[in-house]
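Topology and contacts: notes
So you can see what is in the structure, the chains are spelled out below.
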Amino acid sequence: MILATVLGMAVLVFCNRYLFLEPRLPLRLGRNLRTFLEFAVPGMLTAICGPILFSGERTLAATLVDPYLLAALTAVGLMLWTRRVLTTVILSMGVFYLLRWLL
C-alpha cells in the first residue's frame, strides 16, 4: 500500500510538472498567477523549517548556539547574497553539520 501511494504521488507530481514545463502544450500562465506562485516555495520551506526552530511549549527552543538556528540564518543570508538555490542548500547543510559536530 505504501509503494502504491509513493508511485501514485510520483505520477501526480510528474503530470503536474509536465503541464507547465512542456513547451509544445498550449497552456500558459498569466503574469498574476506566476507572481502568486513565486511565494509557494518560501511558504512551503517556512512550514517545514518553522516547527524545527519553534518546537517546544510555545517558546523559541533555539538558542544563539543552536546549529538549527545558525544554519537557518546562514541559509537566509546565502540565498539573499547568491540567489542560487543549490549553492545555498549545499553550503547551509555543510554549515549545519559542521556546527553540529563542533557544538
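Preceding this paragraph is the structure being described.
Keep in mind that what you see is a predicted model, and the values were worked out from it rather than measured.

Computed from the structure, the largest pocket encloses a volume of approximately 1000 Å³. Lining the largest pocket we find 24 residues, and of these L45, C49, A72, A75 and S92 sit closest to its centre. Looking at the lining of the largest pocket, the elements that each hand over two or more residues are helix 3 (40-53), helix 4 (67-82) and helix 5 (85-102). In terms of residues, the lining of the largest pocket owes the most to one element, helix 3, which gives eight residues. For the second largest pocket, the calculated volume is near 210 Å³. As for the second largest pocket, its lining consists of R17, F20, L29, L37, A40, V41 and M44.

So, how was this worked out
- Residues numbered from 1 in each chain as written.
- Predicted model: local features only at pLDDT ≥ 70, side-chain atom pairs only at ≥ 80, totals over all residues.
- Heavy atoms only, no water.
- 1 Å grid on protein atoms, 1.4 Å probe; cavity = no way out; pocket = protein on both sides within 12 Å on 5 of 7 lines; lining within 4 Å.
- Points joined across faces, edges and corners; volume = space filled by probe spheres on them.
- Helix = DSSP H or I, 4+ residues; strand = E, 2+ residues; numbered from the N terminus.

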